[in-house]
Amino acid sequence: RRSNIESMELRERRREEGKEITSMALPEEPVCGSTAVEGKGNDHADGQLSPLGSETPRAKNTSFFVSVGTFKKPVGIFRALGEAAMSKAKLGFMKTAIAGFMAGMYISAGGLFSVSVGGGMPEIAKTDPGVQRLAFAAVFPVGLLLCAVSGAELWTGNTVKMMTGILNHRVTVYDVVFNWTVAWTFNFLGSLFFAYFLVYLAGILDQQPYLSFITNVAESKIDMLPGKAILRGVGANWLVCLATTLGTSAQSVTGKMLGIWFPITAFVAVGYEHSVANMFLVPVGLMYGAKGGFTAKNFFEFVGFNLLPVTFGNLIGGALFVSGLYHLYLGKIPFPSDGVGEVAKKKHGEIEARQKSKAGRVTVAVEKLHHNRMSVSARSSI
């Protein structure tokens, strides 16, 4: 009897510990976290697997190295992108136009930074072209970082966000077409404004070797075959939108910077074509005399043979290669407005109630056994 009682008491304690763990609040969104502190590391309890597919792994005990990071898993990333699409659908024309104009200026600032660094090393470009490409590419992400942190409306990034929204029935076709049209148009206007007023009139690229560099860049883009421009556009926005997903995954500004920086540097160094970057690089090159200058013929040749094909390729790369493929992989994303949170709470409450009921029955059984033992002891003493 004593062994049975001890066994029941041990089982009761274990059930009570399990009840405390399962009564923890469920995470609101799929987030993975890992924390470690400097000095004596303290292990933390294992997190639960949430109904939406998130998990919090056990932190490792570390003595000298500090590692702190938090990130969303794919379901959480694309839920956040769908929610971003819902927010963008509510902006209206004026806010979308202003934010799109700012995004065009931000990307142009990154493009100017790249020209100022990469265009200033012609000798290195002859002997070590990879080094010059890397220098040009490594500073370009500044524009994307400004867009990501400031909330500007960048058309290329919006391809994955709005497509995720429509695939998960968060926005309408009208919302998508409206956002893409206004964002693309005002990205172009912002880029032209920056190129004319803040570069050409300011005389930023008047001197060699920058003058030759920017004119050569503009001419090479205009002379590119449309089919090649489409394919390079696909590759560019595939990496840009993957950078968008990495930035969305991160929970800190530092994490967003790291997530965005490397894919953007990769697409620029490889030589892929980004439509909004071309909205700055080609017009400013024409202003400085490429193809004979900024004439109506040269401008419409640029739009027809480079900008529109690259835009089409960017659309495929972002909307289909990222949003479309992940939709096939993940399926329809559950959103809080679908009642998923309430269902999870209800199931969690049912589990907790069953465990409380079991714990109560165990307590009654233990008390009964204890009472019987006391009765036997009393009779024995008599």
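Below: a short report on this structure.

Conventions we followed
- Residues numbered from 1 in each chain as written.
- Predicted model: local features only at pLDDT ≥ 70, side-chain atom pairs only at ≥ 80, totals over all residues.
- Heavy atoms only, no water.
- Helix = DSSP H or I, 4+ residues; strand = E, 2+ residues; numbered from the N terminus.
- Buried < 20%, exposed > 50% of the residue type's maximum accessible area, 1.4 Å probe, protein only.
- Contact = heavy atoms within 4.5 Å.
- Areas by Shrake-Rupley, 256 points an atom, 1.4 Å probe, with all protein chains shown as cover.
- Axes fitted to C-alpha atoms, helices over the stretch in contact; angles between N-to-C directions.
- Parallel < 35°, antiparallel > 145°, perpendicular 65-115°, else oblique.
- Left-handed = near helix turned anticlockwise from the far one by under 90°.
- Nonpolar A, V, L, I, M, F, W, Y, C, P; charged D, E, K, R; others polar.
- Phe/Tyr/Trp six-rings, centres within 6.5 Å; stacked < 30°, edge-to-face > 60°.
- Lys NZ or Arg CZ within 6 Å of the ring centre and 35° of its normal.
- Salt bridge = Lys/Arg side-chain N within 4 Å of Asp/Glu carboxyl O.

### Structural notes on the overall build of the chain
- Helix and strand counts for the chain stand at 14 helices and two strands.
- Buried positions account for 42% of the 382 residues belonging to the chain.
- For the chain, the share of sequence-separated contacts (at least 6 apart) that also reach a separation of at least 24 residues comes to 82%.
- Accessible area for the chain stands at about 20000 Å²; split by element, carbon and sulfur atoms hold 63% of it.

### Section: the packing of helix α7 (residues 155–167) against helix α13 (residues 296–330)
- Contact pair α7 / α13: the axes reach a minimum separation of 9 Å and the direction vectors enclose 40°. Taken together, the axes of α7 and α13 lie oblique to each other. As for the relative orientation of α7 and α13, their crossing is right-handed in sense. In contact with Trp155, Thr156, Thr159, Val160, Met163, Thr164 and Leu167 of α7, α13 contributes Thr311, Asn314, Leu315, Gly318, Ala319, Val322, Ser323, Gly324 and His327.
- A class-by-class count of the residues in the contact of α7 with α13 yields seven nonpolar, nine polar and no charged.

### Let's talk about the environment of Val284
- Tracing the sequence through the fold places Val284 in helix α12 (residues 275–287).
- Assessed through its relative accessible area of 0%, Val284 is described here as buried.
- Those residues within four positions of Val284 in sequence are excluded, and the remaining contacts are Ala195, Val199 and Ile214.

### Quick look at unusual backbone geometry
- With omega at 5°, the peptide bond leading from Gln208 into Pro209 counts as cis.
- Unusually for a residue other than glycine, His169 sits at a positive phi of about 60°.
- The residue His169 is located in the loop between α7 and α8 (173–200) in this model.
- The class for His169 is exposed, based on a relative accessible area of 60%.

### Let's talk about the packing of aromatic side chains
- Taken as a whole, this structure holds 18 aromatic pairs when the rule is applied.
- Between the aromatic rings of Phe136 and Phe213, the centroid separation amounts to 5.8 Å while the plane-to-plane angle is 50°, which identifies the pairing as tilted. Of this pair, Phe136 sits in helix α5 (residues 129–138) while Phe213 sits in helix α9 (residues 210–222), and the two are 77 residues apart along the sequence. When sorted by exposure, Phe136 lands in the same class as Phe213, which is buried.
- Judged by centre distance (5.5 Å) and plane angle (75°), the ring pair of Phe299 and Phe300 falls under edge-to-face.
- Looking at Phe299, the relative accessible area reads 16%, which means it is buried.
- Feature note: the residues Phe101, Phe193, Tyr196, Phe197, Tyr200 and Tyr288 constitute an aromatic cluster, connected by ring pairs.
- Here the guanidinium or amino end of Arg170 rests over the ring plane of Phe335, the centre of that ring lying 4.4 Å away.

### Observations concerning the pattern of salt bridges
- For the structure shown, the criterion picks out four salt bridges.
- Between Glu273 and Lys221 there is a salt bridge, with its nearest N and O atoms 3.0 Å apart. Taken together, the positions of Glu273 in the loop between α11 (253–270) and α12 and Lys221 in helix α9 put the pair 52 residues apart, joining distant regions of the chain. In terms of burial, Glu273 and Lys221 fall into one category: buried.

### Regarding the packing of α9 against α12
- Running from N to C, α9 and α12 cross one another at 115°; their axes reach a closest spacing of 8 Å. Considering their axes alone, α9 and α12 lie roughly perpendicular with respect to each other. Helix-helix and strand crossings are classified by hand; for α9 and α12 the assignment is left-handed. Each of Ile214, Thr215, Val217, Ala218, Lys221 and Ile222 in α9 lies in contact with α12, whose residues at this interface are Asn278, Leu281, Val282, Val284, Gly285 and Leu286.
- Residues of the contact of α9 with α12, tallied by class, amount to eight nonpolar, three polar and one charged.

### With respect to the environment of Gly82
- Among the structural elements, Gly82 can be located in helix α2 (residues 74–89).
- Distance in space between the C-alpha atoms of Gly82 and Met163 is 8.3 Å, their sequence separation being 81 residues.
- In this structure Gly82 touches Thr164, Gly165, Arg170 and Phe335, once residues within four positions along its chain are discounted.

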